[in-house]
Structure formats: structure tokens, C-alpha cells
Amino acid sequence: MNQIWNALRDHHAAVEGRAILDLFADEDRAAAFSARADGMLFDYSKTNIDARGLSLLLDLAEKADLAAKRDAMFTGAKINETEGRAVLHTALRNLDVPVVVDGRDVMPDVRATHARMQAFARDVRQGRFTGQGGAITDVVNIGIGGSDLGPAMAVLALAPFHDGPRCHFVSNVDGAHVHDVLAGLDPATTLVIVASKTFTTIETMTNAETARRWMAQKVANPAAQFAAVSTAAEKTSAFGIDAARVFGFEDWVGGRYSMWGPIGLSILLAVGPEGFEQFLAGGAAMDAHFRQAPFADNLPVLLAVVGLWHNQICGYATRAVLPYDQRLSRLPAYLQQLEMESNGKRVGMDGADLTMHSGPVVWGEPGTNGQHAFYQLIHQGTRVVPCEFLIARMGHEAELRHQHVLLVANCLAQSEALLRGRNLDEARAIMAKKGLTGDELDRQARHRVFPGNRPSTTLAYEQLTPFSFGQIISLYEHRVFVEGVILGINSYDQWGVELGKELALALQPVLEGKAGTEGKDGSTRQLAQWFKG
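The paragraphs below set out a description of the structure included in this document. Not measured: the values here are computed from a predicted model.

For the rest of this paragraph, the subject is the overall build of the protein. On a plain count of helices and strands, the protein comes out with 19 helices and 15 strands. Over its C-alpha atoms the protein spans a radius of gyration of 25 Å, differing by no more than 12% from the 24 Å that the globule rule assigns to 533 residues. Overall, the protein is about 80 × 60 × 55 Å in size when its C-alpha atoms are taken along their principal axes. Sequence separation of 24 or more characterises 75% of the internal contacts of the protein that already satisfy a separation of 6 or more. Computed over 50 positive and 60 negative side-chain charges, the inter-centroid distance for the protein is 3 Å.

Taken together, the five strands give an open sheet; going across it, the order is β8-β7-β9-β10-β11, and neighbouring strands pair in parallel fashion. At either margin of the open sheet sits one strand with a lone partner, and together these are β8 (166-170) and β11 (246-247). Packing against the sheet, helix α8 (residues 202-216) makes contact with β7 (138-142), β8, β9 (190-195) and β10 (226-229), and its axis sits at approximately 160° to β9. Docked against the sheet, helix α10 (residues 265-292) engages β7, β8, β9 and β11, running at close to 145° with respect to β9.

Attention shifts here to the environment of G150. Mapped onto the elements of the fold, G150 is located in helix α6 (residues 149-157). Note: C-alpha distance between G150 and R256 (106 residues apart in sequence) is 7.1 Å.

Here helix α5 (residues 107-125) crosses α10 at 125°, and the two axes come no closer than 9 Å. Comparing their axes, α10 and α5 come out oblique. Handedness of the α5/α10 crossing: left-handed. Of α10, the residues touching α5 (which contributes H114, M117, Q118, F120, A121, R122, V124 and R125) are L265, L268, L269, A270, V271, G272, P273, E274, F276, E277 and L280. Its residues assigned to classes, the contact of α5 with α10 shows twelve nonpolar, three polar and four charged.

A few words now on a nonpolar patch on the surface. Judged by side-chain polarity, L511, W530 and F531 come together as a nonpolar surface patch covering roughly 390 Å² of accessible area. Looking at the element boundaries, W530 is found in helix α19 (residues 522-532).

Hydrogen bonding along the main chain pairs the strands of a sheet, whether they run parallel or antiparallel. A sheet is described by the order of its strands in space; here six strands give the open sequence β1-β2-β15-β14-β12-β13, paired in mixed fashion. Among the strands making up the open sheet, the edge pair consists of β1 (34-37) and β13 (361-363). Geometrically, the sheet is characterised by an average inter-axis angle of 15° between neighbouring strands, direction not taken into account. Sheet topology places strand β12 (residues 318-324) next to strand β14 (residues 387-392); five bridges connect them, and they run parallel. Along β14, the bridge assignment pairs L322 with F389. Helix α12 (residues 331-343) contacts β12, β13 and β14 of the sheet and is inclined by roughly 165° relative to β13.

Another point: the nonpolar core. F469 and I472 are the most contacted members of the largest nonpolar core, which totals 111 residues. Once residues within four sequence positions are removed from consideration, F469 is found in contact with M153, A154, A157, L158, F279, L328 and L464. Formed by 23 residues, the second largest nonpolar core is a distinct cluster that contains V170, L182, L185 and V194.

Now for unusual backbone geometry. Note that the residue after G367, namely T368, is joined by a cis bond; omega there is 15°. You can see T368 is positioned in the loop between β13 and α13 (375-380). Positive phi, normally seen in glycine, also occurs at D38, with a value near 50°. Summarising the element assignment, D38 is placed in the loop between β1 and β2 (40-43).

Turning our eyes to something else, we now look at the side chain of D493. Note that D493 resides in the loop between α17 (466-487) and α18 (498-511). The buried category is assigned to D493, whose relative accessible area is 5%. Of note is the side chain of D493, whose polar atom sits 2.8 Å from the side chain of K345. Apart from the residues within four sequence positions on either side, D493 is in contact with N80, T82, E83, R256, E341 and K345.

Direction vectors running N to C along helix α11 (residues 299-313) and α17 enclose 55°, while the axes themselves pass 8 Å from each other. In this view, α11 runs oblique relative to α17, as classed from their interaxial angle. The crossing of α11 and α17 is right-handed. Facing L299, P300, V301, L303, A304, V305, G307, L308 and Q312 of α11, the residues of α17 in contact are L475, Y476, H478, R479, V482, E483, I486 and L487. Residues that form the contact of α11 with α17 fall into these classes: twelve nonpolar, three polar and two charged.

Take the environment of V87 next. Assignment of secondary structure puts V87 in the loop between α4 (66-74) and β3 (100-101). Put simply, V87 and F74 are 13 residues apart on the chain and 7.8 Å apart in space, counted from C-alpha to C-alpha.

Here we take up the layout of surface pockets. Estimates place the volume of the largest pocket at around 1,300 Å³. Per element, the largest residue contribution to the lining of the largest pocket is five residues, and it comes from α18. Considered class by class, the residues forming the lining of the largest pocket number 17 nonpolar, 17 polar and nine charged. Space inside the second largest pocket adds up to approximately 490 Å³. Looking at the second largest pocket, it is lined by 20 residues, and the ones nearest its centre are G395, E397, Q403, H404 and L407. The element that contributes the greatest number of residues to the lining of the second largest pocket is helix α14 (residues 401-420), accounting for six residues. In terms of residue class, the lining of the second largest pocket is built from eight nonpolar, eight polar and four charged.

Calculation criteria
Residues numbered from 1 in each chain as written. Predicted model: local features only at pLDDT ≥ 70, side-chain atom pairs only at ≥ 80, totals over all residues. Heavy atoms only, no water. Helix = DSSP H or I, 4+ residues; strand = E, 2+ residues; numbered from the N terminus. Rg over C-alpha atoms; globule rule 2.2 N^0.38 Å. Contact = heavy atoms within 4.5 Å. Lys, Arg positive; Asp, Glu negative; His and termini not counted. Charge placed at Lys NZ, Arg CZ, Asp CG, Glu CD. Pairing = 2+ DSSP bridges. Axes fitted to C-alpha atoms, helices over the stretch in contact; angles between N-to-C directions. Parallel < 35°, antiparallel > 145°, perpendicular 65-115°, else oblique. Left-handed = near helix turned anticlockwise from the far one by under 90°. Nonpolar A, V, L, I, M, F, W, Y, C, P; charged D, E, K, R; others polar. Patch = residues over 30% accessible without salt bridge, like charges linked within 9 Å, V, L, I, M, F, W, Y side chains within 5 Å. Areas by Shrake-Rupley, 256 points an atom, 1.4 Å probe, with all protein chains shown as cover. Salt bridge = Lys/Arg side-chain N within 4 Å of Asp/Glu carboxyl O. Core = buried A, V, L, I, M, F, W, Y, C linked by side-chain atoms within 4.5 Å. Buried < 20%, exposed > 50% of the residue type's maximum accessible area, 1.4 Å probe, protein only. Polar contact = N/O pair within 3.5 Å; in protein donor to acceptor, adjacent residues only side chain to side chain. 1 Å grid on protein atoms, 1.4 Å probe; cavity = no way out; pocket = protein on both sides within 12 Å on 5 of 7 lines; lining within 4 Å. Points joined across faces, edges and corners; volume = space filled by probe spheres on them.

Right, here's the structure in full:
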């Protein structure tokens, strides 16, 4: 591996000053540096990766034994070695092929849980399960992290397919969040889903208790309008939730990969069983592509190695995810968790310190909003930010086709502008046409120079549907896996979230005046004292 990494660094040093635009002297470049799968196009030709660079990047995947590790994941091997667990979110969307964990086929239980979820969703959507004031009009999903980000993003993404109750999401322990969500709802016609595998997540359970008190102000039996996504049967029973409304999942499903199963109950309630099945089918289609396509044509592999080229080789510390699709406005936030919690590690699988950076900082906003905000830095700032554009050929609003054309034009124009830029002579010509001369012309022209030569990729799809949305999420999940394998890290644990939670539990009694600040640093003591007044 080191030999390949070194060869990549040497190659980058040799081509670093090259203009990406010059690579398009090859009229076949766009086709050669693109790949397709089931109606989806991934174009990475606007990067400085050439045939030699791509060959070396794919060599990394081969040398890391990616194919064998990919198969190990899909077949139930315990690739999450620090926790001794399999990684089988893929099983939640592949309901046909047996998958064996510890000598047992887990798929009958997966199918049974899906069937229970669908039956419950039909009962709610068709009015057989009601609130104590009539048919369910609203669903509130209470979770945090993977129990919130995925379904909250998905429900927004699939808005054109909603034909069930309205769905709302509460995650932050800040009381303002639960207060503001519940304020406009009727307790008698609201269903609350509490999503916590252990039923002990402090933010989730605090919000759940608040929701129960809110509901109790109007209904006689609040727990009758609660469901749970949890494996802690005793705790859900103690809360008063009937076992028929409790949906569990195994420890081989990580939170940030879990919306394909019971964590996706709110999605199922919003779009119905048929829409949810299409979502699963899209994920399964990308799984099949990932398992079958040669690395050179494999979208998850290519998306991953482009990311490695930009982060580990070029040294670009961030990547911007820029969906030109308003309904994907929560995708960047979702990918922040998916990528940064998965690959934000400092040691390898062997416990030794990494010798290179791990995952990048992931951020972004939907276009065209970002164009009027941070694109200034992307185009003219001193740091290079690789951009990942997403765009659909078609929107859902036929009567607003002209706006979708404008949206696509903006997306394509931004990637072209990042590539092409504007040199000083071009800027001077613009200022000369405005009547400027001499030093003032030169000064004004310099402010209008765009360095260009800034890399981007574009993921294009026909339309944002449950199927294509499933493809997109599965694609990014596998991108994380590929990058983790090549970097030699465990993408499926998240010990980095533990320390802050432990310290918060210790600080709560301090802030309540029940404990002192012994052992705390001066800043924390000062801030605790400020809070107490």
C-alpha cells in the first residue's frame, strides 16, 4: 500500500500545476471519466485525475483487498472488529437472499419486522389505528443522530410521494425544539415514535417524557399513542407502549445506516408501503451494482477514490456537497454524520496511529441558495474546496419546468466556472468595456479574476423518486465503506461520541447545585458558576 500511496504523491507532484481544462483536449475525456448505473450518471471528468492517477487509485482498492472485504460485509462477517459485530444494513433492503450471522439466517426476522411495520403503517394510514380524538393526522419522530437525520432527510426528500399523515422530527434536547414542534399539533390525533435502540438515550428520552406530559393534558392514555423503535422490551413496556407497537433491530445495524428498517417507520407512514419498497429497491439496486461492476465502472468505488485523491493526495481538507434539489436540502447534514462519524478516526484497525489524515470535513447547502452565500469562497478563496454537485433531469412540478431548466443551468454553470475560471486579461477586457483605464482598470480587474482549475464532480439522475433516493443513499454508504477499507480504519464504530456524553452526565448535577466543581478546569468552573448565577 505504501508504495502505491507514494506513487500517487509523486504523480500528483508532477501534474499539480496542470490545468484541468487542458485535459479536455481529449474529446473522449468526459465519457472516459464517467460511469453509469440504472439511470444514474457520475461525472468526475472535472478533476485532475488522469489515466495514470485513476489506475493507481484503483490499485489501492485492489491492494486493500476491497472485493473480499466487500463480500465479507454483505455475507455477515463481523467486520466491525472493535465491537465484534457484523455490518448488515444492506440486509434490510435485500429481502430475498439468506444472510447468516453466527450460524443463523437473519433474513426471516428482517422480513417479519418489515411485515409488522407495513401492517402498522397501513392501519395508521387507513384509519384502523386512531388517536383518542380520531384518525392520526400527525406523526412525531423523537430520536437523535442516526435515529433522526436519516428519516428527517428522507421524509423531506420524498415530499411529492406523501399521502399519509404529516411527519415531524424532534432531536435536540433544547426544550425549544420539542416545544415548537408540538405547539401546532393536536395531542388527540398525534402518534409519537420514540426511536432509541436502548431506550436510554438521554436526549431522546427527555423529549419523550416531555411529549408524554404534553399528550396527557388532553388524552386519558398517552402511551396508547406512542410507538417505539427499540430493542429494550422491558423499558418500552415500563413506558407503557404495547409490544405490538415496538419494532426492534439487531446490533449489526448502525444508527447512521438504519433508516432502511424500523428507524424508517416515519418514512413508511409518510409514503406508504409501496413507496417504501421502492426506496429499498433503489438501495438494493446500488448494492448489486457495487458488488458486480468492475472497479473502473463502479460508482461507489469511483466516488471513494476521487475523495481519496482530493483529501489524502491533494490535501484538500473539506468537501462540499451541493444538491441542486431543494428536497435534498438535508442531505449535507446527513452526510456529515455518515462520513464524519464513520471515517473521522485517528487510529487504524490495528490500533496504531494513522500516518495520514482520515475523513474530510463534509458540509454544504442546496443550490442555488449557496451561490448567494459561500460560493464566493469556493470560487475566489485561498483554499480549494472540491465540490460534489447533484442534479435531476426532471423536477416534479411540470408547470414550473422553466424554473427547473434555470436550476440545471445554474448547476452546470457552477461546475464550468470552477473548472474554467477567468484570467486577468479577460477581466481587464471586461473593465475596459466599462470605460476604466490605467491603474484603476487593473485594480478593478484583479478583483474579478477567478483562478479556476477547481475540481468538482456531478451525480445526475432522472428524477428524485423513492427508487433514485435509495440509490443515492446506498451509493454514499458504500463510498464510506470503500474509503474506510483503503484507509485501513473501522468505519462502523463511533467511540468519539462517548466522552462528551459522559462528561455531560457528570456536569448535570453540578449545574443543578447538587455537586461541586472539584477536578474541573478553570474555564468549566467559571462557566458552571455563570450558569448558576
